[in-house]
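Each chain, letter by letter, is given below.
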Amino acid sequence: MNLIDGNNIAESVINELKEIVSLQVEKPCVAFVRVGNDPASVSYVRKKEKTAEKVGILSKLYVLPNSISENDLLERISELNNDRTVHGILVQAPLPHHINARCIFNHVAPSKDVDGFHAENLGKLCQEEETFISCTPAGISELIKRKKIETEGKHVVIVGRSLIVGKPAGMLFLKKGINGNSTVTFCHSRTPNLPEITRQADIVVAAIGKPLFIKPEMVKTGAVVIDVGINRISDPSKKSGFRLVGDVDFEKVAPKCKFITPVPGGVGPMTVAMLMSNTVQAFLKSRSS
Ligand code: GUN
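I will try to describe carefully the structure that is included in this document. Not measured: the values here are computed from a predicted model.

Quick look at the side chain of Thr198 now. Along the polypeptide, Thr198 turns up in helix H8 (residues 194-198). Its relative accessible area of 0% is what places Thr198 among the buried residues. Side-chain polar atoms of Thr198 contact the backbone oxygen of Pro195, separated by 3.1 Å. Other than its neighbours up to four places away in sequence, Thr198 contacts Val157, Val159, Val204 and Met218.

Structure follows, in structure tokens:
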């Protein structure tokens, strides 16, 4: 078993970006919009702010009340779209139920959509055009690239069909060329005989949002397993009262794998690193246009 150290690879990405940013007179700036005080969102946004600071990216945090109307949120995003000092905009998900999240994500200017959630950018990904790619799938692709894991002709099984992770991750493996050319199967909570399908995978991407869902009998010996899950499960032995586990039963699955990502310390840090990369790209594009 070979552990993929996401912290280490993310640090390399961050150092490379830091170098690029240090050569710029003006600095990139990303706006974080957080609605409400969901503890996981508070913690993720804080991590993103700290990482931005490390890279030399300026950040602005907008904390809005849970009760904000969809119209008022759209208005705030319009202001950021029109603010020339802001190069990237990230609206932290999840949003309150009374807000149509798709409508919000599609309101972010595509040129500032560092999350890659906008329909135009998702469409460009399907068309294999250069675009902002959703940070978690981009992070998976970067891990695969830097670990020199062969994807050509491999069977990749994606477990989960979200617009943020599952679908774009599949598109990246499917695309023509390096780090692509895979045969991709999408599975989800309604897939019958799921273990039968995951057992055929050379690469499994677990993004179903269910703690410890992928068991050893669902994975072929020698497979590569990428765990996207970040689930809080109760653990009275911890001061916080919880611990983080992935969608993969790591202890039992790891011995069968050629490569596996841990949780925490696998895909998570890469998501943040790719957000920084997208922000630097947005900044550089704004300079050249
Ligand atoms: N919530 C969980 N992951 C993400 C992400 O990558 N971007 C945003 N905006 N919200 C999230």
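Here we come to the nonpolar core. Ranked by size, the top nonpolar core spans 44 residues in total, and within it Ile140, Phe173, Ile203, Val205, Ile226 and Met276 carry the most contacts. Here this core gets nine residues from one element, more than from any other, and that element is helix H10 (residues 267-288). If we ignore the near neighbours within four places in the chain, the residues touching Val205 are Ile140, Val156, Val157, Ile158, Val159, Phe173, Ile226 and Val228.

In this section: the sheet that holds strand S6 (residues 183-187). Hydrogen bonds between backbone atoms are what pair the strands of a sheet, whose relative direction is either parallel or antiparallel. Strand order across the open sheet formed by six strands is S1-S11-S8-S7-S5-S6, with parallel pairing between neighbours. Edge positions in the open sheet fall to strand S1 (2-3) and S6, since each of these has one partner strand only. Across five bridges, strand S5 (residues 155-159) lies against S6 in parallel orientation. Of the residues in S6, the one forming a bridge with His155 is Thr183. Sitting on the sheet, helix H7 (residues 166-174) is in contact with S5, S6 and strand S7 (203-206), with an inclination near 165° to S6.

On to H7. Taken as a whole, H7 has its buried residues at Gly166, Pro168, Ala169, Gly170, Leu172 and Phe173. At its buried positions, H7 is contacted by helix H5 (119-126), helix H6 (135-146), S5, S6 and S7.

Taken together, Lys48, Leu90, Val91, Gln92, Ala93, Asp115 and Phe117 make up the full set of residues adjacent to the ligand. The contact in question runs from a nitrogen atom of the ligand to an N or O atom on the side chain of Asp115, over 2.5 Å. Coverage of the ligand by the protein chains reaches 82% of its 280 Å² of free accessible surface. Per-class residue counts for the shell around the ligand are four nonpolar, one polar and two charged.

Another aspect to go through is the pairing of strand S8 (residues 223-227). Burial runs high along S8: five of the five residues are buried. Where S7 lies against S8, four bridges are found, and the strand directions are parallel. Across the sheet, residue Ile203 finds its bridge partner in S8, namely Val224. With three bridges joining them, S8 and strand S11 (residues 257-260) adopt parallel strand pairing. What sits directly across from Val224, in S11, is Phe259.

On to the pattern of salt bridges, then. Tallying each qualifying case throughout the model produces eleven salt bridges. Glu16 is paired through a salt bridge with Arg146; the nearest N and O atoms lie 2.9 Å apart. Residue Glu16 is located in helix H1 (residues 6-22), and its partner Arg146 is located in helix H6; the two are separated by 130 residues in the primary sequence. Relative accessible area serves as the criterion here: at 30%, Arg146 is assigned to the partly exposed category. Close ionic contact of Lys220 with Asp202 constitutes a salt bridge, the shortest N to O distance being 2.7 Å. On the criterion of sequence distance, the pair formed by Lys220 in the loop between S7 and S8 and Asp202 in the loop between H8 and S7 is long-range, its members being 18 residues apart. Judged by relative accessible area, Lys220 falls into the partly exposed class, the value being 31%. Classification of Asp202 by relative accessible area gives partly exposed; the value is 22%. The network of salt bridges with common partners includes Glu16, Glu142, Lys145 and Arg146.

Within the structure shown, the criterion is met by two cavities of 30 Å³ or more. For the lining of the largest cavity, the secondary-structure elements that each account for two or more residues are H6 and H7. Here the lining of the largest cavity is composed, by residue class, of five nonpolar, two polar and no charged. One number sums up the size of the second largest cavity: a volume of about 40 Å³.

Rules and cut-offs
- Starting afresh in each chain, residues are numbered from 1 along the sequence in its written order.
- Totals for whole chains, interfaces and linings use every residue, but because this is a predicted model, local features are given only for residues with pLDDT of at least 70 and side-chain atom pairs only at 80 or more, for both listing and counting.
- To obtain the side-chain values, all non-hydrogen atoms of the structure were included, while hydrogens and water were left out.
- Put simply, DSSP marks the helices as runs of H or I at least four residues long and the strands as runs of E at least two long, and each gets a number from the N terminus on.
- Only protein chains enter the area calculation, which uses a 1.4 Å probe; residues under 20% of their type maximum are buried, those over 50% are exposed, and those in between are partly exposed.
- Whenever a nitrogen or oxygen atom comes within 3.5 Å of another N or O atom, the pair is scored as a polar contact, on the condition that within protein one atom can donate a hydrogen and the other can accept it, and that pairs from neighbouring residues in sequence are kept only if both atoms are in side chains.
- Two residues form a contact once any of their heavy atoms are found within 4.5 Å.
- Here the nonpolar core consists of buried residues drawn from Ala, Val, Leu, Ile, Met, Phe, Trp, Tyr and Cys, with membership extended through side-chain atoms lying within 4.5 Å.
- Two strands pair under a simple rule: DSSP has to find at least two bridges between them.
- Only C-alpha atoms enter the line fits that serve as axes; for helices the fit covers just the stretch in contact. Angles between N-to-C directions range over 0 to 180 degrees.
- Note on definitions. A residue lies near a molecule or strand when any single heavy atom of the residue is within 4 Å of it.
- Per-residue and other accessible areas were derived by the Shrake-Rupley procedure at a 1.4 Å probe size, with only the shown protein chains allowed to occlude residues.
- Gly falls in the polar group here, along with every residue not listed as nonpolar (Ala, Val, Leu, Ile, Met, Phe, Trp, Tyr, Cys, Pro) or charged (Asp, Glu, Lys, Arg).
- Any carboxyl oxygen of Asp or Glu within 4 Å of a side-chain nitrogen of Lys or Arg constitutes a salt bridge here.
- The way it works is a 1 Å grid over only the protein atoms, where trapped points that fit a 1.4 Å probe form a cavity and open points with protein on both sides within 12 Å along at least five of seven lines form a pocket, and then any residue with an atom within 4 Å of a point lines it.
- Grid points are joined across faces, edges and corners, and a volume is the space filled by probe spheres set on the points.

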